[in-house]
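Below are the chains, spelled out letter by letter.
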Amino acid sequence: MLALDRVSKTYPNGVQALARFSAEIRQGEIVAIIGGSGCGKSTLLRAIAGLDRASSGTVILDSETIASPHAKIGIIFQEPRLLPWLSVADNIGFGLADLPAAARREKVVRALERVGLADKAQAWPRELSGGQAQRVAIARALVPQPEVLLLDEPFSALDAFTRRDLQDHLLDLWADTRPTLVLVTHDVDEAVALADRVLVMRPRPGRLFDQIEINLGRPRDRNSPLFENFKRSVLTSLDRSLDRSVPDRDATQGPGQAMWW
Amino acid sequence: MISDAPVLQQTSEPAESAAAPSRVARYVRPLLGVLLPLTLALGWELVVWSGWSNGRLVPPPSRVFATIMELARSGELIRHIAATLWRVGLGFAFGVVAGTLLGAISGYWSLARRLLDPTVQALRAIPSLAWVPLFILWLGIFETSKIALIAVGVFFPVYLGVMGAILIVDRKIVEVGRTFRLSGPAMIRRILLPAVLPAYVVSLRVGLGLGWMFVVAAELIGASEGLGYLLLDGQQLGKPAQILAAIVIFAILGKLTDWLIEVASAPFLRWQDAFGRAKGA
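Predicted, not measured: the structure shown is a model, and the values here were computed from it. (Residues numbered from 1 in each chain as written. Chains lettered and ligands numbered in written order. Predicted model: local features only at pLDDT ≥ 70, side-chain atom pairs only at ≥ 80, totals over all residues.)

### Thoughts on the overall build of chain A
Here's step 1: Per the secondary structure count, chain A includes 7 helices and 10 strands.
Here's step 2: Against the 2.2 N^0.38 benchmark of 18 Å for 261 residues, chain A shows a C-alpha radius of gyration of 18 Å, consistent with a compact globule.
Here's step 3: Across its three principal axes, chain A shows a C-alpha extent of roughly 55 × 45 × 30 Å.
Here's step 4: Out of the 261 residues belonging to chain A, those deemed buried represent 44%.
Here's step 5: Taking the contacts inside chain A whose residues are at least 6 apart along the sequence as the reference set, 70% of them involve residues at least 24 apart. (Helix = DSSP H or I, 4+ residues; strand = E, 2+ residues; numbered from the N terminus. Rg over C-alpha atoms; globule rule 2.2 N^0.38 Å. Buried ≥ 20, exposed ≤ 12 C-beta atoms within 10 Å, placed from the backbone. Contact = placed C-beta atoms within 7 Å.)

Structure below.
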């Protein structure tokens, strides 16, 4: 289980990006974090990844406090961030340096096939399209089999078609080992399509505003009325989060309370 | 979708022909660069041959070539080339090692940069030839002072190139290394070194160019062999053909060594997505 306990972040310039964010995320759960710009969602993700330290509060994964990057936590950024001097195959195997070459090669080959890029193994990253590059990034993050995979607006730079394709692909890959996914997004459709639970944050300082359980089975039909209903409730909550006249409330009391529409 | 298909086909055609020039163009294009010097040389040859000029101060190419052949036959040419190459090689090696080490330290470690860089920059502002009298006093008139001078010339561009390249390595790429928990040495080997390699190769080439410049300076100051000595000897004995012969050999050697660096680094830089590559240059 991934437990966030009153995680706060104040930058040296005095800006409080994150205030007492608490949440518990079950193993294998898919959680989407959504909110207006500047609500601290990326700050939160970087704290979970151990890339930036929280000013106060703790991130605990399976009773281990996370203060620096951890082997059980993988991350996918908005940009693929492939290493341009490594072939696609070597990029995917980048995190497997400790394995013997044969085992590494086998895992890479399997991952390449899994993301449908077997024919691109020896290509350079510059030869890939945006969607292909992001698929390589997903493969690179997944081959070390992390328990938690963090995604920071991973599909926001892609066109709508590719985005949907990759969202489905991500779910497909997730089903293999069922890691915990924490997905930061500003796309309501994406949040409802992927997540078991949507956490809505509100800005200045970034804090938890609301959480909405998405009680839909998978695969999800994006055109179903139920899907639309969930989208609407997330949107309404987002709107309210940006309305200063709406007071904060304790969002950690559990599900059900979001059904106020 | 259907209406897209012909449009796609149309646009792909001119792009393809631009990417793969015809066979004739591929062989002719490099020759374009030779056209101007060749015309000038042939023209001058004709002018002297027809008696319009006696070519005493500006000897025609044939006489320069004859001088080179003569020097080669007597074995002197090899001796001079060897002496100069040896100096450039040693000076370049020392300059590169020092420039790379200090540049890497300054680039990687900000405390070292604050301590070291202002001094290095101040030293860089001194015209390197100003060191000559001091080097001669300290190191003597023979090889050591020459090699030191060349090393100084090579040092600065390499130092600057390495430090600058490390400072602008993309933070996002470094973060990838961090998420995979690379240790310090692994971060250097797997992220920083490959990332700075293109800029490093450029700085090596600039450094080598300066090395060739300074070897002439060093050999003009006082040497009994070397291509610079040939220059000076030609001036003092009024042999312009010998001066031109030395200059031509400098040009050939400079280009050749530069090309060696380029060829040796090319396999490591194939990944680059660069403007020059896209143009097929």
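### Points about the packing of helix 4 (residues 76-108) of chain B against helix 7 (residues 143-167) of chain B
Residues and elements named next belong to chain B.
Here's step 1: Running from N to C, helix 4 and helix 7 cross one another at 30°; their axes reach a closest spacing of 6 Å. One way to sum up the angle between helix 4 and helix 7 is to call them roughly parallel. Read as a crossing pair, helix 4 and helix 7 show a hand that is right-handed.
Here's step 2: For the contact of helix 4 with helix 7, the per-class residue count stands at 20 nonpolar, 9 polar and 2 charged. (Axes fitted to C-alpha atoms, helices over the stretch in contact; angles between N-to-C directions. Parallel < 35°, antiparallel > 145°, perpendicular 65-115°, else oblique. Left-handed = near helix turned anticlockwise from the far one by under 90°. Nonpolar A, V, L, I, M, F, W, Y, C, P; charged D, E, K, R; others polar.)

### Section: the nonpolar core
Here's step 1: Core analysis: the biggest nonpolar cluster contains 72 residues, and V31, I33, L150, V182, L183, A195 and V198 of chain A have the highest contact counts within it.
Here's step 2: Ranked by residues supplied to this core, first place goes to helix 4 (residues 130-142) of chain A with 7 residues.
Here's step 3: Once residues within four sequence positions are removed from consideration, A195 of chain A is found in contact with I30, V31, A32, L183 and I214 of chain A.
Here's step 4: L160, I191, W212 and L244 of chain B belong to the second largest nonpolar core, which has 52 residues in total. (Core = buried A, V, L, I, M, F, W, Y, C linked by C-beta atoms within 7 Å.)

### Notes on the interface of chain A and chain B
Here's step 1: Facing the 14 residues of chain A at the interface are 11 residues of chain B.
Here's step 2: Along the lines of polarity and charge, the residues of the side of chain A that touches chain B split into 10 nonpolar, 1 polar and 3 charged.

### Points about the sheet that holds strand 10 (residues 207-213) of chain A
Residue and element names in this part refer to chain A.
Here's step 1: Pairing within the open sheet is mixed, and its 6 strands lie in the order 6-7-8-3-9-10. Each end of this open sheet is capped by a strand with a single partner; those strands are strand 6 (73-76) and strand 10. With direction set aside, neighbouring strand axes in the sheet form an average angle of 20°.
Here's step 2: Summarising the sheet, strand 3 (residues 30-35) and strand 9 (residues 197-202) pair through 5 bridges and their orientation is parallel. Following the sheet pairing, I34 is matched in strand 9 by V200. (Pairing = 2+ DSSP bridges.)

### Some words on the pairing of strand 4 (residues 56-61) of chain A
Residue and element names in this part refer to chain A.
Here's step 1: By the bridge criterion, 5 bridges tie strand 1 (residues 2-10) to strand 4 in an arrangement that is antiparallel. Each residue of the ladder has a partner; that of A3, found in strand 4, is I60.
Here's step 2: Bridging between strand 4 and strand 5 (residues 64-65) involves 2 bridges; their strand directions are antiparallel. Across the sheet, the residue bridging to I60 is T65, located in strand 5.
Here's step 3: Two successive antiparallel strands, strand 4 and strand 5, enclose a turn made up of 2 residues, where D62 displays a positive phi of approximately 50°.

### Here we look at the packing of helix 4 of chain B against helix 9 (residues 184-221) of chain B
All names here are of chain B.
Here's step 1: Helix 9 packs onto helix 4 with a crossing angle of 135° between their chain directions and a minimal axis gap of 9 Å. Classified by the angle between their axes, helix 4 and helix 9 sit oblique to one another. The two elements helix 4 and helix 9 meet at a crossing, and its hand is right-handed. Contact residues: helix 4 offers T84, R87, V88, G91, F92, G95, V96 and G99, while helix 9 offers L204, G207, L208, G211, W212, V215, A218 and E219.
Here's step 2: Tallied by class, residues from the contact of helix 4 with helix 9 come to 8 nonpolar, 6 polar and 2 charged.

### Digging into unusual backbone geometry
Residue and element names in this part refer to chain A.
Here's step 1: For the bond from R204 to P205, the omega torsion is -10°, close enough to zero to count as cis.
Here's step 2: Relative to the helices and strands, P205 is located in the loop between strand 9 and strand 10.
Here's step 3: Following R218, the chain continues into P219 via a peptide bond in cis, with omega recorded as 0°.
Here's step 4: With respect to the element layout, P219 can be found in the loop between strand 10 and helix 7 (225-242).

### Overview of the confidence of the model for chain B
Residues and elements named next belong to chain B.
Here's step 1: Of all residues in chain B, 89% attain a pLDDT of 70 or more, and the chain-wide mean is 84.
Here's step 2: Element-level pLDDT for chain B is lowest in helix 1 (residues 4-19), with a mean of 42, against a maximum mean of 93 in helix 4.
Here's step 3: Below a pLDDT of 50 lies the segment residues 1-19, which in the model reaches 0 contacts outside its immediate sequence neighbourhood of four places, other chains included.
Here's step 4: ipTM for the predicted complex: 0.83, alongside a pTM of 0.76. (pLDDT = per-residue confidence, 0-100.)

### A look at the sheet that holds strand 4 of chain A
Residues and elements named next belong to chain A.
Here's step 1: If you walk across this open sheet you meet the 4 strands as 2-1-4-5, and the pairing is antiparallel. In this open sheet, the two edge strands, each paired with only one partner strand, are strand 2 (16-25) and strand 5.
Here's step 2: Bridge count between strand 1 and strand 2: 6 bridges; the pairing is antiparallel. Bridge pairing links K9 to L18 in strand 2.

### What to know about the environment of L204 of chain B
Residue and element names in this part refer to chain B.
Here's step 1: Locating L204 in the fold gives a position in helix 9.
Here's step 2: A C-alpha to C-alpha distance of 28 Å links L204 and L232, two positions 28 residues apart in sequence.
Here's step 3: Excluding anything up to four places from it in sequence, L204 contacts V96, V158 and I261.

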